[in-house]
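If you want the building blocks of each chain, they are given just below.
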Amino acid sequence: MAASASSTLNFSTKPSHTSLSWKTRIGSSSVFAVAALSPRRDQRQYPRFVIFSMGAKPTVLVAEKLGEAGVDLLKEFADVDCSYNLSPEELRNKISLCDALIVRSGTKVSREVFESSGGRLKVVGRAGVGIDNVDLAAATEHGCLVVNAPTANTVAAAEHGIALLTAMARNIAQADASVKAGKWLRNKYVGVSLVGKTLAVMGFGKVGSEVARRAKGLGMHVIAHDPYAPADRARAIGVELVSFDEAIASADFISLHMPLTSATKKVLNDETFAKMKKGVRIVNVARGGVIDEDALVRALDAGIVAQAALDVFTVEPPSKDSKLIQHENVTATPHLGASTMEAQEGVAIEIAEAVVGALKGELAATAVNAPMVPAEVLSELKPFVELAEKLGRLAVQLVAGGSGVKSVKVTYGSARAPDDLDTRLLRAMITKGLIEPISSAFVNLVNADFTAKQRGLRIAEERSLLNGSPESPLEFIRVQIANVESKFASAVSDSGEIRVEGRVKDGIPHLTKVGSFEVDVSLEGSIILCRQVDQPGMIGKVGSILSEENVNVSFMSVGRVAPRKHAVMAIGVDEQPSKESLKRIGEIPAVEEFVYLKL
C-alpha cells in the first residue's frame, strides 16, 4: 500500500538568520523535516541543511562528563550522545542534530551555539548551580529553556567548607608540605582552637545553613547574615541573624556562601577588611569574585587577616605566580566544593530529570530563564515589566538590618476588570527585583512563586480599581515591604512599611512616590534620595557636587510636605558617584539623610 504524504512549507526571517523549513509526513508514524539556514551576514558560509526525524526519540548531547546514573536515566527517554571536549566549532556543527544539551562549567554555550541549532535545541541543562557559561538572553530569544541542578551538591560544598576551616585552623596543608620536605617544625605550625570562637556565615542558604549546623557541632558560636534567611530556621539551628557590618566586625572566622551578583562583587575589600577583628580567618567556597583578591593580599600582609582558605578564585585556574596563591598563610584547593562521588551522582540525576521533564513539556522548578510570552501581551506589558522589576530592586535596597524581607504587598492601579489583566509576569518581575540583587537565583515566570516560597517571601497582590479608560493596562504599581527597618527613614509610610510607587510615562518607568513623598524621576541609571530641610539653593548645592565629578544628572524631582518644611529630593544619575562625593552630599547641613540606590 502506498504511503500517504503531506507537506508544509514555512519561511521566516530574523535579524540573525533566515530560515526555510519543510515538513512532510510519510505514512502515519514519522514526520521528517528539512531546515535550511542561511548564514549570518557577517559569516562567509554556505547555507546549512538539517534533516531529522520528528517522530523519533529526542537526542541529548552530553558535552561534559556526567555521572552514570544520570546518563542511564536519559537513555530511558532519549538517544544520548556523549561527546566530550568539543571545540566551539565542533559544538556548533553538532548542535543542529540535538534537542537538548547538558554541560558543566567548562563548555561555553554562546549565542552562536543557539543560532547554529536552527531552532531545534529545546533545553540546555547545566549540571551544577552557576550558569555563567550559558548565554541566557540568546537562549530565551531562541525559545530554549535553561535548567540547572542547584541542590544536589549542597552537602558536599558544606563539608568542603568545614574541611578548609579545620585545615586552616591547624595549618594542615603547610605542615604536610613541610614534613614531606624533610622538616619537623612543630613550633612553627601551632594552630588555633575552634571551640568558643565566633563563625560568621555570610549567606544562610542551603550550603550556609549546613555549614552552620556542622560548626555548631564543633562548639563554635555561629552568627549569620542573609536578608532572606527565615528567622525561625536560624533559631532552630541556634544561629543569630545579624547585619553585615555586625557579622564581619565580631567574627573570628568568616565563611562565605553568597552568590556573585553586582551587589556582592568584591564585597570583601579594603574597606570591609578594615572593619574586621585583627587576626580574622576567612573561608571561601562560594564564588571567587566576592573577594577583592588584591585587597586580601594586603590584609594578609598587614595581619588583619591571619589566614585564608580558598576553593574559588576570580580567574580559574589562577596564574602560577599569583601572590595570593603563593602566600604562606593561604590554603588553596582547585574548586573542589562539589567534588565528591555522591554529589556528582546526585547532580547527574537532578539535571537528567530536569532535562527529561523539559523535553516532555513540563514546567521545571529549576528553570533559570524566562519562557516564551505571547508577543501581544509582552508588547503591552513591556514598560510595566521594567517598572515592576526596578521597583522591586529599589524597595529591597532600602531595607536595613538583619531581620530580612518576609512580607511584600503589591498594589496594581488599573481601570481594567480583574480578569482582563494577568499580573503573573508583573509579580514575577517584582520577585526578580526583590531577590536577584542579593541571591544566586534567576527568577522568571516559571519559577518566581517557587523561588519566593523557598526563601520564605510572601507576596500579596491587590487591585485598586480606578475610573477611567482601560486602554492602558495599568496606572501605577505600588510595592510595600512590612516589618523591616529602612536605610532611608523617609521611605517608610504612615503605616510603617517601606513604600515605593511608580508609573510609566511616555513608555519610560518613573518613580512617583517614596514613603509619603511625591516625586517624579525616571528609573534610568541610578538614584540618589535625600531628605532635607526645604530651603533655597539645595538643588544647586547637590548638583554642583555631582558636576564637579562629571556625574550627569538625568532627572531631578523634589517632593515636600509644605514650604520650608521637610522635602525629599530624588536625583537620577547616569554614572555612579564616588564615595567622597556622596559623603559631601551627606555633609550638607540641610541634608538629614540620603541613600544611593543602584538600578
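The name recorded for the protein in an unreviewed UniProt entry is D-3-phosphoglycerate dehydrogenase, from Nicotiana tabacum. The UniProt entry for the protein carries the following comment under Catalytic activity (unreviewed entry): "(2R)-3-phosphoglycerate + NAD(+) = 3-phosphooxypyruvate + NADH + H(+)". Regarding the protein, the relevant UniProt record gives this comment under Subcellular location (unreviewed entry): "Plastid, Chloroplast".

Student: Please clarify how the overall build of the protein should be interpreted in this entry.
Tutor: Broken down by element type, the protein carries 18 helices and 28 strands. The buried share of the protein, reckoned over its 599 residues, is 50%. Of the contacts formed within the protein by residues at least 6 apart in sequence, a portion of 62% connects residues at least 24 apart. Surface accessibility of the protein: about 28400 Å² in total, with carbon and sulfur atoms responsible for 52%.

Student: Can you walk me through the sheet that holds strand S19 (residues 458-465) in this structure?
Tutor: Strand pairing within a sheet occurs via backbone hydrogen bonds; the two strands may be parallel or antiparallel. Read across the sheet, 6 strands follow the order S19-S18-S20-S22-S23-S24 without closing on themselves; strand pairing throughout is mixed. Taken across any chain shown, the strands that pair with only one partner, and hence form the sheet edges, are S19 and strand S24 (517-522). Each adjacent strand pair in this sheet contributes to an overall mean axis angle of 20 degrees, direction not counted. When strand S22 (residues 498-505) meets strand S23 (residues 508-514), the two strands line up antiparallel, connected through 6 bridges. Of the residues in S23, the one forming a bridge with Arg-503 is His-510. The sheet contacts of helix H15 (residues 424-435) involve strand S18 (407-414), S19 and strand S20 (476-482), and relative to S18 the element is tilted by about 140 degrees.

Student: Honestly, the nonpolar core in this entry has me stumped. Any pointers?
Tutor: The nonpolar side chains of soluble globular proteins are, as a tendency, buried together. One finds Leu-434, Ile-477, Ile-481 and Leu-511 to be the most contacted residues of the largest nonpolar core, which totals 50 residues. By residue number, the principal contributor to this core is helix H14 (residues 375-397), which donates 9 residues. Of the domains in this structure, domain 3 (373-515) and domain 4 (524-598) are the two that each give at least three residues to this core. By size, the runner-up hydrophobic cluster in this structure holds 30 residues, among which are Val-242, Ala-247, Ala-251 and Val-297.

Student: Would you take a moment to explain the pairing of strand S6 (residues 79-82) for this structure?
Tutor: In the case of a regular strand, side chains alternate between the two sheet surfaces. Two strands pair when backbone bridges link them, and strand S5 (residues 59-62) and S6 are joined in this way by 4 bridges, in the parallel orientation. Of the residues in S6, the one forming a bridge with Thr-59 is Asp-79. The parallel pair S5 and S6 is bridged by helix H1 (residues 68-75), and the resulting crossover is right-handed.

Student: Would you take a moment to explain the sheet that holds strand S8 (residues 123-126) for this structure?
Tutor: Pairing is parallel across the open sheet formed by 5 strands, whose spatial order is S6-S5-S7-S8-S9. Edge positions in the sheet fall to S6 and strand S9 (145-148), since each of these pairs with one other strand and no more. Within the sheet, the average angular offset between the axes of one strand and its neighbour, ignoring direction, is 20 degrees. With 4 bridges joining them, S8 and S9 adopt parallel strand pairing.

Student: Explain unusual backbone geometry here, please?
Tutor: Negative phi values dominate among residues other than glycine, just as trans dominates among peptide bonds. A cis amide bond, omega -5 degrees, links Glu-316 with the succeeding residue Pro-317. As for its position among the elements, Pro-317 is in the loop between strand S15 (305-310) and helix H12 (323-326). Located in the positive-phi region is Asn-171, a residue other than glycine, with phi close to 55 degrees. With respect to the helices and strands, Asn-171 occurs in the loop between helix H5 (154-169) and helix H6 (172-180).

Student: When you look at the environment of Ala-169 in this model, what are you seeing that I'm missing?
Tutor: Among the secondary structure elements, Ala-169 is positioned in helix H5. The buried category is assigned to Ala-169, whose relative accessible area is 2%. Through-space distance from the C-alpha of Ala-169 to that of Gln-307 is 8.3 Å; in sequence the pair is 138 residues apart. Ignoring sequence-local partners within four residues, the contact set of Ala-169 consists of Gly-191, Val-192, Leu-194, Phe-253 and Gln-307.

Student: Help me out: how do you make sense of helix H18 (residues 579-586) in this one?
Tutor: Because the α-helix completes a turn every 3.6 residues, residues three or four places apart line up on one side. Where H18 is concerned, the buried positions are Ser-581, Leu-582 and Ile-585. The buried residues of H18 occupy an angular sector of 100 degrees when the element is viewed end-on, so they sit on one face.

Student: Help me out: how do you make sense of the pairing of S5 in this one?
Tutor: Along S5, one buried face is formed by Thr-59 and Leu-61 and the opposite face, lined by Val-60 and Val-62, is buried too. Sheet analysis places S5 next to strand S7 (residues 100-103), joined by 3 bridges and oriented parallel. Within S7, the position partnered with Val-60 by the bridge is Ala-100.

Student: What's the story with the packing of H1 against helix H13 (residues 341-359) in this structure? I'm lost.
Tutor: Two measures define how a pair of helices packs: the angle their axes make with one another and the distance between the axes. Put simply, H1 and H13 touch, their axes get as near as 7 Å, and they point 20 degrees apart. When the axes of H1 and H13 are compared, the pair comes out roughly parallel. Crossing angle aside, the handedness with which H1 passes H13 is right-handed. Seen from H1, the contacting residues are Ala-69, Gly-70, Leu-73 and Leu-74; seen from H13, they are Glu-345, Ala-348, Ile-349, Ala-352, Glu-353, Val-355 and Val-356. Partitioned by chemical class, the residues of the contact of H1 with H13 number 8 nonpolar, 1 polar and 2 charged.

Student: Which parts of the structure should I look at to understand H13?
Tutor: Over its 19 residues, H13 runs 27 Å from end to end, which matches the ideal 27 Å to within 8%, given 1.5 Å per residue. Residues of H13 that are buried include every one of Ala-343, Val-347, Ala-348, Glu-350, Ile-351, Ala-352, Ala-354, Val-355, Val-356, Gly-357 and Ala-358, and no others. Along its buried surface, H13 packs onto H1, S7, S8, S9 and H5. The first or second residue beyond H13 is Gly-361, which carries a positive phi of 90 degrees.

Cut-offs used in this document
Residues numbered from 1 in each chain as written. Predicted model: local features only at pLDDT ≥ 70, side-chain atom pairs only at ≥ 80, totals over all residues. Heavy atoms only, no water. UniProt positions renumbered as here; feature names shortened; annotations may be inferred. Helix = DSSP H or I, 4+ residues; strand = E, 2+ residues; numbered from the N terminus. Buried < 20%, exposed > 50% of the residue type's maximum accessible area, 1.4 Å probe, protein only. Contact = heavy atoms within 4.5 Å. Areas by Shrake-Rupley, 256 points an atom, 1.4 Å probe, with all protein chains shown as cover. Pairing = 2+ DSSP bridges. Axes fitted to C-alpha atoms, helices over the stretch in contact; angles between N-to-C directions. Core = buried A, V, L, I, M, F, W, Y, C linked by side-chain atoms within 4.5 Å. Domains from an automatic or database assignment. Right-handed = clockwise from strand over helix to strand, strands pointing away. Arc of directions from axis to C-beta. Parallel < 35°, antiparallel > 145°, perpendicular 65-115°, else oblique. Left-handed = near helix turned anticlockwise from the far one by under 90°. Nonpolar A, V, L, I, M, F, W, Y, C, P; charged D, E, K, R; others polar. Expected span 1.5 Å × (residues − 1).

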